[in-house]
Amino acid sequence: MKVTLLAGLIALLALGQTARAQDQTLEEQAEKEARKACEAKICDIIATRDPAGADVTCDIVKTWREADLVKMLGGRINWPWGGAMCQSKVTLERGPLAKAMREPAYEMSMPTQTARCTLAQKEDGDPYVVEISVAPKVKFENGKAVEGQVNWGTATAPMAIYPLIYAGTALDNSTNVLGPELVRLVNAFTAKKCAQVKVELPSSTPD
């Protein structure tokens, strides 16, 4: 069965697949540069596993192409719109993230996050503006995510699409269809993405 869900969590965490660097627009490149500082802070906690220090709070903006969203959702979830642009203030508590990386087993509960997304219509018409909250939980074993749940919260959306958002988020909360995707994305970030961030940081560039 295909369901319709807003991929707000993915925008919140700035994870997942996007256009290749050589194919990115100037706007997409600017968004990527703006996210680097936030990604570096998160990756530093993952690498050091040090609970001492400030939590991470970042303003995130990310544009998704329709093709990227369809590919990311892998046929399990129907995406009926065009591209999407999401904005959110992301908060990650340092202590729990550090524990998740160093403890043999740990369940990390994120604070409630809210994303504001603009969804383009495939046909003519003004884009839809949606706000939705999530409070994700991820279980880790030896620093690797093994289980996840998005935990969708309240949503506001135009009446034309609100029933789709409500039905989809309610279904995912009960069946956890996006849980495996959340696990995959978290592990991709902690490994591949953080390795990429380390290479791109100015301090990692040889003299």
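See above for the structure.
(A) Representation of unusual backbone geometry. If you check the backbone angles, Asn151 has positive phi at about 60° while not being a glycine. Along the chain, Asn151 turns up in the loop between β9 (144–149) and β10 (152–156).

(B) Spotlight on the sheet that holds strand β8 (residues 137–141). The strand order across the open sheet formed by 3 strands is β5-β8-β9, and the pairing between neighbours is antiparallel. Of all strands in the sheet, those with a lone pairing partner are β5 (105–109) and β9, marking the two edges. Strand-to-strand twist across the sheet, computed as the mean angle between neighbouring axes with direction ignored, equals 20°. Looking at chain direction, β5 and β8 are connected through 5 bridges and run antiparallel. Residue pairing across strands places Glu107 opposite Lys139, the latter belonging to β8. Taken strand by strand, helix α6 (residues 179–200) contacts β8 and β9, and its axis lies near 145° from that of β9.

(C) Here's a closer look at the pattern of salt bridges. Considering all chains together, one arrives at 7 salt bridges under this definition. Across the pair Glu147 and Lys139 runs a salt bridge, and its minimum N-O distance is 3.8 Å. Note on Glu147: relative accessible area 46%, which makes it partly exposed.

(D) Layout of the sheet that holds strand β7 (residues 128–134). With antiparallel pairing, 5 strands are arranged side by side in an open sheet as β2-β4-β6-β7-β10. The sheet is open, and its two edges are formed by β2 (56–64) and β10, each paired on a single side. Adjacent strand axes in the sheet meet at a mean angle of 15°, parallel and antiparallel pairs treated alike. Across the face of the sheet, helix α5 (residues 162–175) comes into contact with β7 and β10 while running at roughly 175° to β10.

(E) The state of the cysteines, seen in detail. Applying the stated criterion across every chain yields a total of 3 disulfides. Sulfur-sulfur distance for the disulfide between Cys38 and Cys58 comes to 2.2 Å. Between Cys38 and Cys58, the S-S dihedral sits near 95°, and the bridge is therefore right-handed. Of this pair, Cys38 sits in helix α2 (residues 26–48) while Cys58 is found in strand β2, placing the two residues 20 residues apart along the sequence. For the pair Cys38 and Cys58, one class covers both residues: buried. Note that Cys43 is cross-linked by a disulfide to Cys194, the S-S spacing being 2.2 Å. Measuring the twist about the S-S bond at about -85°, one finds the Cys43-Cys194 disulfide to be left-handed. With Cys43 in helix α2 and Cys194 in helix α6, this pair connects stretches of sequence that are 151 residues apart. Each disulfide in the protein chain links cysteines that, numbered along the sequence, combine into the pattern 1-3, 2-6, 4-5.

(F) Inspection of the environment of Met101 at higher detail. Tracing the chain through its elements places Met101 in helix α4 (residues 94–102). Overall, Met101 belongs to the buried group, its relative accessible area being 5%. Counting along the chain gives 44 residues from Met101 to Ala145, while the straight-line C-alpha distance between them is 9.4 Å.

(G) Seen up close, the side chain of Asp172. Structurally, Asp172 can be placed in helix α5. A relative accessible area of 1% places Asp172 in the buried class. At 2.8 Å, the side chain of Asp172 and the backbone nitrogen of Val177 are in polar contact.

Reading the values: rules and limits
Residues numbered from 1 in each chain as written. Predicted model: local features only at pLDDT ≥ 70, side-chain atom pairs only at ≥ 80, totals over all residues. Heavy atoms only, no water. Helix = DSSP H or I, 4+ residues; strand = E, 2+ residues; numbered from the N terminus. Pairing = 2+ DSSP bridges. Axes fitted to C-alpha atoms, helices over the stretch in contact; angles between N-to-C directions. Contact = heavy atoms within 4.5 Å. Salt bridge = Lys/Arg side-chain N within 4 Å of Asp/Glu carboxyl O. Buried < 20%, exposed > 50% of the residue type's maximum accessible area, 1.4 Å probe, protein only. Disulfide = S-S within 2.5 Å. Polar contact = N/O pair within 3.5 Å; in protein donor to acceptor, adjacent residues only side chain to side chain.

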